[in-house]
Amino acid sequence: MGSQNNDTISTILQHFCVAEKRYDIETINNGYINDTYMVLKEEQPIYILQRINHHVFSDINGIMANINSALIKLDDEHYRKIELIKTTDGLTYYENEKGYWRLMSYIDNTTTHNTTKDVNIAFEAGRIIGKFHQLMEGVHQGDFVDTIPNFHNLELREKQFRLAKANADITHLEVASEALLFAEKILAELKVLNQAELPVRICHNDTKLNNILFSTGTDKALCLIDLDTIMKGYFYYDFGDAVRTIVNTALEDEKELDKITFEKKLFEAFVDGMASNGSLLTQEEVDSLPLGAVFMPFIHGLRALTDFLNNNIYYKVTYENQNHDRCLSLFDFTQKALNELDYMQKVVSGKLN
Ligand code: GN1
Ligand code: MG
């Protein structure tokens, strides 16, 4: 069970407003940052417990306040929100010597998808991301702190990449030689997104497909999960992050690059889903979306490459070269999205606004 045993977790749970003295615990192993546990009673999941990665999210009060403010806005009959279970002291997280813990309700009969080939899932993903933005529109932006300042800022990510490259050992540089060339090529090309014209929104900032909760009964998207990076951003961040995980039917660390796809019918269904919420975006935002679908896989690939060169100090990896595999796969999709810029432009301008 990760680094914590059942007794430790049960003790932690007693600091929250829960009914039982003892629960069964299962580790969920698919995040790269936090530690996540499913809490079960009589084999039924009832809560999700997380230890927040304090090295990544240093402002725990800020992150929990952001989530609280967002949950207040995300209150709508067409949007299923997750509840934070308070501690017995009435707080949103519990702190002990092992870290910072939070407890959330588990919504029955739900599932997530790491990838999809189903146009309905792509449509639903677009619909719920659009709905999230519709509900968050007009929110008081001053209420939200930047939980990770400059999270999707390419200048910062480039700087971190250059530093890692300068300090990396020769073996890493050799293994990554192809990725290094690609990174340089795209860094030289990608500086054309004019953010000055784009409105700042409170974004989710991590809208990969498996951060969307679906109903197992109806296949409807219910809500976005993993609210840690809700903060200021541009709409194309949320668009691009979804596209890289929906339109590509392979996993983020897929090693066989010919499995990485740009499925046009999934792209169109995703945009249709977004459009089903009605008009939401400015013309400048619509125009930024195709490049967003190049930008997001690229910046994630660059971060994975940086972490590989740094010897895996940021992301949790399950094998030595996982960050390099993620980088190659994300860069491959970046190129495939770049090849489809004109196509994407036609689709978004035809369907949105
Ligand atoms: C990290 O741990 P997880 O999967 O929620 C990362 C995201 C990436 C994701 C996958 C705070 O999120 O930005 O999309 O890995 N989160 C942070 O690449 O760095
Ligand atoms: Mg996340």
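Keep in mind that this is a model prediction, so the values were computed, not measured.

**What to know about the coordination of the magnesium ion (ligand 2)**
Around a metal, the perfect tetrahedron of four donors has angles of 109.5 degrees, and the perfect octahedron of six donors has angles of 90 or 180 degrees. Those protein atoms acting as donors to the magnesium ion (ligand 2) are Asp206 (OD) and Asp226 (OD), and they sit at 2.0 to 2.1 Å. On the criterion of sequence distance, the pair formed by Asp206 in the loop between strand 8 (201-203) and strand 9 (212-215) and Asp226 in the loop between strand 10 (221-224) and strand 11 (231-233) is long-range, its members being 20 residues apart.

**Some points on the site of ligand 1**
Among the 16 residues in the neighbourhood of ligand 1, the closest are listed as Tyr32, Lys208, Arg303, Tyr314 and Arg326. One nitrogen or oxygen atom from the side chain of Asp226 is found 2.9 Å from an oxygen atom belonging to ligand 1. In this structure, an oxygen atom belonging to ligand 1 sits 2.5 Å away from a side-chain N or O atom of Tyr314. For ligand 1, whose free accessible area comes to 440 Å², the fraction covered by protein is 95%. Counted by class, the shell around ligand 1 contains 7 nonpolar, 2 polar and 7 charged residues. For the shell around ligand 1, the two domains that each supply at least three residues are domain 1 (6-108) and domain 2 (119-352).

**Comments concerning the domain arrangement of the protein**
Taken as a whole, the protein is organised into domain 1 (6-108) and domain 2 (119-352). Residue-level contacts link 24 residues of domain 1 with 28 residues of domain 2. Interface area, domain 1 with domain 2, both sides summed: about 2,400 Å², of which 64% is carbon and sulfur. On the domain 1 side of the interface with domain 2, the three residues burying the most area are Tyr32, Asn66 and Tyr79, jointly 31% of the side's total. Summed over the shared surface of domain 1 and domain 2, the number is 2 salt bridges. Linking Arg102 and Asp228 is a salt bridge whose minimum nitrogen-to-oxygen distance equals 2.8 Å. At the boundary of domain 1 and domain 2, one finds 9 residue pairs in polar contact (both at pLDDT 80 or more). In terms of residues, the side of domain 1 that touches domain 2 owes the most to one element, helix 2 (residues 60-73), which gives 8 residues. Partitioning the side of domain 1 that touches domain 2 into residue classes produces 12 nonpolar, 6 polar and 6 charged.

**Quick look at the packing of aromatic side chains**
For the structure on display, the rule yields 19 aromatic pairs. Judged by centre distance (4.8 Å) and plane angle (85°), the rings of Tyr314 and Tyr315 are edge-to-face. Here a set of aromatic residues connected by ring pairs shows up, and it is made of Phe239, Phe262, Phe267, Phe270, Phe333 and Tyr343. Between Arg326 and the ring centre of Tyr315, over which it is positioned, the NZ or CZ distance is 4.3 Å.

**Let's talk about the nonpolar core**
Within the largest apolar cluster, 104 residues are counted, with the highest numbers of intra-cluster contacts made by Ile212, Phe239, Phe267, Phe270, Phe298, Leu305 and Leu309. Two domains share this core, each providing at least three of its residues, namely domain 1 (6-108) and domain 2 (119-352). Other than its neighbours up to four places away in sequence, Leu309 contacts Phe161, Ala164, Lys165, Ala168, His172, Leu173, Ala176 and Leu180. One finds Phe16, Val18, Val39 and Tyr94 within the second-largest nonpolar core, a separate group that totals 15 residues.

Rules of the game
- All residue numbers refer to positions counted from 1 along the written sequence of the respective chain.
- Written order determines the labels here, with chains lettered from A and ligands numbered from 1.
- Local features in this predicted model are restricted to residues of pLDDT 70 or higher, and side-chain atom pairs are both shown and tallied only at a pLDDT of 80 or more, whereas totals for entire chains, interfaces and linings draw on every residue.
- As a rule here, side-chain values cover all heavy atoms of the structure and leave hydrogens and water aside.
- Here the term donor refers to an N, O or S atom within 2.8 Å of the metal (or 3.2 Å for Na, K and Ca), and because water is left out of the atoms, sites may appear incomplete.
- Working definition: helices are DSSP H or I runs of at least four residues, strands are E runs of at least two. Numbering for both runs from the N terminus.
- Here a residue is considered near a molecule or strand provided that any single heavy atom belonging to it is located within 4 Å of it.
- Polar contacts, as counted here, are pairs of nitrogen or oxygen atoms within 3.5 Å of one another; within protein the pair requires one atom able to donate a hydrogen and one able to accept it, and residues that are adjacent in sequence qualify only if both atoms are side-chain atoms.
- Areas reported here follow the Shrake-Rupley algorithm with a probe of radius 1.4 Å; residue values treat only the protein chains shown as occluding.
- Basically, the charged four are Asp, Glu, Lys and Arg, the nonpolar ten are Ala, Val, Leu, Ile, Met, Phe, Trp, Tyr, Cys and Pro, and anything else, Gly included, counts as polar.
- Domain extents, as shown, originate in an automatic or database domain assignment.
- For this analysis, residues touch if any pair of their heavy atoms sits within 4.5 Å.
- Buried area is a sum: the accessible area each of two parts loses on coming together, probed at 1.4 Å, counted once for each and added.
- What counts as a salt bridge is simple: a side-chain nitrogen of Lys or Arg found within 4 Å of a carboxyl oxygen of Asp or Glu.
- Two rings from Phe, Tyr or Trp (for Trp, the six-membered ring) form a pair when their centres sit within 6.5 Å of each other. Planes less than 30 degrees apart are called stacked, planes more than 60 degrees apart edge-to-face, and all others tilted.
- Only when the NZ of Lys or the CZ of Arg is both within 6 Å of the ring centre and within 35 degrees of the ring normal is a charge said to sit over the ring.
- Each nonpolar core is a collection of buried residues, namely Ala, Val, Leu, Ile, Met, Phe, Trp, Tyr and Cys, held together in the definition by side-chain atoms within 4.5 Å.
- Burial classes: relative accessible area under 20% of the type maximum marks a residue as buried, over 50% as exposed, and values in between as partly exposed (1.4 Å probe, protein chains only).

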